[in-house]
Amino acid sequence: MSIPLIAEQRAAFSRGGVPAPRQAADGVWSIPIPLTGSPLISMFMYLVDTPRGLVLIDAGFDSRTAWTALLDGLRAAGTTPSEITATVLTHNHPDHIGLADRLRAEGGAAVAIHPLDCFAAQRAIRGGFLDQLARALLLAGVPDPERETMLDSARALAVHSESLVPDVLLNEGDTVGDGLEVLHTPGHTYGHIALRDHARGLVFTGDLLMPTGEPQLAPVSLDGDDPGAELAVSLDRIAALPAALVLPGHQYPIADHARRGRAVLAEHRARLAETAEAAARAETAWEVAALLRWARPWAEMGTTAKRFAVVQTLGLLRALQRGADAPSATHSGFS
Ligand SMILES: [Zn+2]
Ligand SMILES: [Zn+2]
């Protein structure tokens with residue numbers, strides 16, 4: 001089941017292309033949409049046949065191209081929007097929740113998300129994505145003109161995720177469609193979830209675990225935030241699960257998720273060491289970020305790349321401050 005799917009989607013990713021919709025397992029379809037201008041190239045929605053009907057995991061980006069790609073994928077799977085009973089969102093980022101409202105309006109699919117990623121519920125606590133980002137950029141010491149430009153560029157993308165109102169809030173241990181177990185796996189966002197399909201031996205990991213690259217940390221914006229430590233615990237947990245195949249939100253599926261999970265954890269610890277070394281020579285997260293290694297040299301990076309980098313650096317610095325540079329064996333709370 002897994003090998004042709006991985007080979008095809010890895011080949012597409014390597015050449016910068018978007019693969020065709022494809023059956024990933026019995027009753028499971030992988031439906032890609034293009035992410036124009038992103039190094040991730042595409043984003044994958046997954047259609048899962050459960051004992052309680054069809055469930056869509058993640059809902060792409062809010063664009064005409066994404067909607068067309070979704071309809072094409074559903075057609076390939078022999079179904080239509082009105083047959084989807086629920087849209088389950090791994091996390092509240094614009095490339096994962098974009099079509100949830102439209103699917104609900106056109107076909108009636110209920111929208112489900114973890115309460116910590118439901119910005120309607122977080123209004124008085126954490127605020128929406130833009131509130132979190134604004135506080136993070138202040139904490140990071142980003143100078144004024146750059147900070148405003150970063151917020152402006154984020155504002156254009158975040159409209160939809162700020163206003164999404166779900167029908168169902170999902171917590172650790174809940175089950176979707178009688179077939180998918182919810183695992184709270186924070187780090188990339190505070191309310192990120194993975195979904196475990198016990199019967200098929202599959203785990204849907206959203207943006208937590210991908211075959212290449214460094215997982216992006218959630219913005220640090222409150223006193224207790226430590227997304228780096230949370231990420232390490234979540235990765236450790238996914239690596240320990242028995243699964244035949246891991247299906248991520250981008251890139252391509254992972255056959256040996258235990259090895260990949262351990263590798264990402266090792267890279268995360270190396271990144272913390274690099275950050276600690278840079279922090280000895282700089283004051284703010286903004287200054288530390290300029291000293292770290294990125295895909296391109298700091299001086300050549302645009303506003304969006306620098307925004308991601310500074311948010312990442314802030315998370316790494318917070319993990320160092322809290323001494324959380326390794327997954328804790330005593331951490332057992334996932335609620
Ligand atoms: Zn994401
Ligand atoms: Zn994503």
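Residues numbered from 1 in each chain as written. Chains lettered and ligands numbered in written order. Predicted model: local features only at pLDDT ≥ 70, side-chain atom pairs only at ≥ 80, totals over all residues. Heavy atoms only, no water.

Caption draft 1: Structural context of the overall build of the protein chain. Regarding its fold elements, the protein chain presents eleven helices and twelve strands. Taking 20 Å as the expected radius of gyration for a compact globule of 335 residues, we find that the protein chain reaches 19 Å, a close match to that expectation. Across its three principal directions, the C-alpha atoms of the protein chain cover 60 × 40 × 40 Å. Once local pairs closer than 6 in sequence are excluded, the contacts in the protein chain between residues at least 24 apart make up 66%. Carbon and sulfur atoms provide 54% of the accessible area of the protein chain, an area that totals close to 13,700 Å². Mean positive and mean negative side-chain charge positions of the protein chain (28 and 38 charges, respectively) differ by 3 Å. (Helix = DSSP H or I, 4+ residues; strand = E, 2+ residues; numbered from the N terminus. Rg over C-alpha atoms; globule rule 2.2 N^0.38 Å. Contact = heavy atoms within 4.5 Å. Areas by Shrake-Rupley, 256 points an atom, 1.4 Å probe, with all protein chains shown as cover. Lys, Arg positive; Asp, Glu negative; His and termini not counted. Charge placed at Lys NZ, Arg CZ, Asp CG, Glu CD.)

Caption draft 2: Fine view of the coordination of the zinc ion (ligand 1). For the zinc ion (ligand 1), the full set of protein donor atoms is H91 (NE2), H93 (ND1), H188 (NE2) and D207 (OD), at a range of 2.1 to 2.3 Å. If you look at the zinc ion (ligand 1), its four donor atoms make angles of 92 to 169 degrees with each other, and the shape they trace is irregular. Separating the zinc ion (ligand 1) and the zinc ion (ligand 2) is a distance of 3.5 Å, and D207 donates to both of them. With H188 in the loop between β9 (180-184) and β10 (193-197) and D207 in the loop between β11 (202-206) and α8 (227-240), the pair connects residues that are 19 residues apart, well separated along the chain. Across the pair, exposure class does not vary: H188 and D207 are buried alike. (Donors = N, O, S within 2.8 Å, 3.2 Å for Na, K, Ca; no water. Tetrahedral: all angles 85-135°; square planar, octahedral: opposite > 155°, others 65-115°. Buried < 20%, exposed > 50% of the residue type's maximum accessible area, 1.4 Å probe, protein only.)

Caption draft 3: Layout of the packing of aromatic side chains. Throughout the structure, instances matching the rule amount to four aromatic pairs. The interplanar angle of 70 degrees and the centroid separation of 5.5 Å between the aromatic rings of W286 and W298 together place this pair among those described as edge-to-face. Note that W286 is positioned in helix α10 (residues 285-289) and W298 in the loop between α10 and α11 (303-321), a separation of twelve residues in sequence. Owing to a relative accessible area of 13%, W286 belongs among the buried residues under this scheme. The buried category is assigned to W298, whose relative accessible area is 15%. Each residue in the set F44, Y46 and F204 is aromatic and connected to the rest through ring pairs, giving one cluster. The ring of Y190 has R126 lying over it, and the distance from NZ or CZ to the ring centre is 3.8 Å. (Phe/Tyr/Trp six-rings, centres within 6.5 Å; stacked < 30°, edge-to-face > 60°. Lys NZ or Arg CZ within 6 Å of the ring centre and 35° of its normal.)

Caption draft 4: Quick look at the pattern of salt bridges. This structure, assessed with the given rule, holds 18 salt bridges. For the salt bridge of R75 with D72, the shortest nitrogen-to-oxygen distance reads 3.0 Å. With R75 and D72 both in helix α2 (residues 64-76), this residue pair falls three residues apart, about one helical turn. What makes R75 exposed here is its relative accessible area of 56%. Among the salt bridges present, the one from E267 reaches R260, with a minimum N-O distance of 3.7 Å. Each of the salt bridges in this network shares a partner with another, and the network as a whole consists of E214, R271, E274 and R293. (Salt bridge = Lys/Arg side-chain N within 4 Å of Asp/Glu carboxyl O.)

Caption draft 5: Geometry of the environment of G177. Along the chain, G177 turns up in the loop between β8 (175-176) and β9. Overall, G177 belongs to the buried group, its relative accessible area being 18%. Taking the C-alpha atoms as reference, G177 lies 6.2 Å from P51; in sequence the two are 126 residues apart. Each residue touching G177, except ones within four places of it in the same chain, is listed here: T50, P51 and R52.

Caption draft 6: Looking closely at the coordination of the zinc ion (ligand 2). Around the zinc ion (ligand 2), the protein contributes the donor atoms D95 (OD), H96 (NE2), D207 (OD) and H250 (NE2), at 2.1 to 2.4 Å from the metal centre. Because the angles between the four donor atoms bound to the zinc ion (ligand 2) fall within 86 to 153 degrees, the donor set is best described as irregular. In primary sequence terms, the donor set of the zinc ion (ligand 2) follows D-H-x110-D-x42-H. With relative accessibility at 0%, the residue H96 sits in the buried group. Judged by relative accessible area, D207 falls into the buried class, the value being 5%.

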